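Report on the structure
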Amino acid sequence: MNLLKNRSEIITYTVDKNINNNLCICVQNGEVVVQAPWYFSKNQIQEIVEEKRRWILEKIKEYEAKKEEYINTGIVKILGENYSINIRYKNIKTLTVNVEEGTIKIELPNKYKKVQKEELLNLLIEKIYNVVAQREIEGAMEKTRKLLGYAPEDYEIIRMKNTLGKCSEDKKITINPDIVKYKQEIIEYVVLHEFAHLKYKTHSKRFYEIIKEHVPNYEEYVKEISGLQY
């Protein structure tokens, strides 16, 4: 490891000696590597690095600027709308999330660079859905309670496979946080559906009387979430 100093900038570089007669300076991932013939002295190499100082510093700055850019990692659907997920890594301890005009900007600690992209994206989407679900489902539960005049003994938000909601024998309602990928009307419909099961366990005529009274166009929502249980 070598250092080239002046008043304002320090260039750290590594020397790789080889049998070729050409000297080459590379800047990759912010690191400076000098490939030099085996017979070049330390002073000779340092003089050449000094001559290329401006070019080296420009390349390092380009790399640093690029590190600060957000990387688009995919699209996620929240409340029926598409959002672009952009992430960047920083020297921070905890992640931060900001939503701006159809874009979710996430800053992650550098340690997450080791996580596979697909695995990381799934973790981020789950975290986003969990946060949104707490607000949206609680609001839908309260709205439905006021609408019908009764409520479950308890409710919980838990991720379930191929299931958006369910009502247990002990009158406890469970809602899948992934439901927030759908628009708010569908969330409210599923919650109402589970409330109706508090009165009627099966999809009887009286059960659907409750549904039709409060969501006359419920069949539109049924089509959008076909294939999922609730």
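A brief structural summary. (Residues numbered from 1 in each chain as written. Predicted model: local features only at pLDDT ≥ 70, side-chain atom pairs only at ≥ 80, totals over all residues. Heavy atoms only, no water.)

Now for the overall build of the protein chain. In terms of regular secondary structure, the protein chain is built from six helices and eleven strands. At 29 Å, the protein chain has a C-alpha radius of gyration far larger than the 17 Å of a compact globule built from 230 residues. A burial count over the protein chain gives 36% of its 230 residues as buried. Contacts spanning at least 24 positions in sequence make up 42% of the contacts within the protein chain whose residues lie at least 6 apart. Summed over its atoms, the accessible surface of the protein chain is roughly 15000 Å², and 46% of this surface lies on carbon and sulfur atoms. Charge separation in the protein chain, taken as the distance between the mean sites of 38 positive and 35 negative side-chain charges, equals 3 Å. (Helix = DSSP H or I, 4+ residues; strand = E, 2+ residues; numbered from the N terminus. Rg over C-alpha atoms; globule rule 2.2 N^0.38 Å. Buried < 20%, exposed > 50% of the residue type's maximum accessible area, 1.4 Å probe, protein only. Contact = heavy atoms within 4.5 Å. Areas by Shrake-Rupley, 256 points an atom, 1.4 Å probe, with all protein chains shown as cover. Lys, Arg positive; Asp, Glu negative; His and termini not counted. Charge placed at Lys NZ, Arg CZ, Asp CG, Glu CD.)

Here the focus is the environment of Arg-88. Here Arg-88 shows up in strand 6 (residues 81–90). Sequence separation of Arg-88 and Tyr-70 is 18 residues, and the distance between their C-alpha atoms is 4.8 Å. Side chain to side chain, Arg-88 and Glu-107 meet in a polar contact 2.5 Å long. (Polar contact = N/O pair within 3.5 Å; in protein donor to acceptor, adjacent residues only side chain to side chain.)

Before going further, it helps to spend a moment on the sheet that holds strand 7 (residues 96–100). Read from one edge of the open sheet, four strands run 5-6-8-7, paired in mixed fashion. Where the open sheet ends on each side, the last strands, each with one partner, are strand 5 (71–78) and strand 7. On average, each strand axis in the sheet is inclined to that of its neighbour by 25°, with strand direction left out of account. Bridging between strand 7 and strand 8 (residues 103–109) involves five bridges; their strand directions are antiparallel. Among the inter-strand pairings, Asn-98 is bridged to a residue of strand 8, identified as Lys-105. Sheet strands in contact with helix 3 (residues 117–148) are strand 5, strand 6 and strand 8, and its direction is about 40° off that of strand 5. (Pairing = 2+ DSSP bridges. Axes fitted to C-alpha atoms, helices over the stretch in contact; angles between N-to-C directions.)

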